[in-house]
Amino acid sequence: MIDFSKDTVFKLTPCKPKDIAPTVQPIIIPGEQIMSSFKAVRDFVVFTNKRLIAVNVQGMTGKKKDFTSLPYNKIQAFSIETAGTFDLDAELDLWFSGLGNVRLEFRGSDIRAIGQLIATHTL
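No experiment lies behind these values; they were computed from the predicted model shown. (Residues numbered from 1 in each chain as written. Predicted model: local features only at pLDDT ≥ 70, side-chain atom pairs only at ≥ 80, totals over all residues. Heavy atoms only, no water.)

Enquirer: With reference to specific residues and values, describe the packing of aromatic side chains.
Expert: Going through the model one piece at a time under the given rule, you end up with 3 aromatic pairs. With a centroid separation of 6.5 Å and 35° between ring planes, the pair formed by Phe47 and Phe106 is classed as tilted. One end of the pair, Phe47, is in strand S3 (residues 44–48); the other, Phe106, is in strand S8 (residues 100–107), and 59 residues separate them in sequence. Judged by relative accessible area, Phe106 falls into the buried class, the value being 1%. Pairwise contacts between aromatic rings join Phe38, Phe47 and Phe106 into one cluster. (Phe/Tyr/Trp six-rings, centres within 6.5 Å; stacked < 30°, edge-to-face > 60°. Helix = DSSP H or I, 4+ residues; strand = E, 2+ residues; numbered from the N terminus. Buried < 20%, exposed > 50% of the residue type's maximum accessible area, 1.4 Å probe, protein only.)

Enquirer: Kindly report on the environment of Lys16, identifying the contributing residues and their values.
Expert: For Lys16, the position within the fold is in the loop between strand S1 (10–15) and helix H1 (17–24). Between the alpha carbons of Lys16 and Lys39 there is a distance of 9.2 Å; along the sequence they are 23 residues apart.

Enquirer: I'd like to hear about helix H2 (residues 111–122), residue by residue, with values.
Expert: Its 12 residues give H2 an end-to-end C-alpha distance of 16 Å, which sits within 8% of 16 Å, the value for a rise of 1.5 Å per residue. The set of residues buried in H2 consists of Ile111, Ile114, Gly115, Leu117 and Ile118. Looking down the long axis of H2, one finds its buried residues gathered within 160° of arc, a one-sided arrangement. Looking at H2, the residues exposed on the side facing more than 90 degrees away from the buried face are Arg112, Gln116 and Thr120. At its buried positions, H2 is contacted by strand S2 (34–39), S3, strand S6 (75–81), strand S7 (89–96) and S8. (Expected span 1.5 Å × (residues − 1). Arc of directions from axis to C-beta. Contact = heavy atoms within 4.5 Å.)

Written out as structure tokens, the structure is:
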């Protein structure tokens, strides 16, 4: 499992869902759709209509991957922080029942759209 106790687990930029879909498709359930995706250097995060999937690519070859599934129905609270003039990073904080706080940091993303996606599936 990814260590979410770090200050920031990922610094993410938008990527095309079709680029990462083959990697996560085997764990997508019937009726689940990829809504948006974001990539770091090797790791990535996928927002579906049911959960957040964090993928940690491990090892030299990248063949080993850790998939962490965070269902929206376990979110107790969330917070978004938009980018500013000098601080260009936007942040999403999620508090999960039984897990605690998860922080994701985004660059070049409309964090408000992500906040709406989370709100739609949690409120």
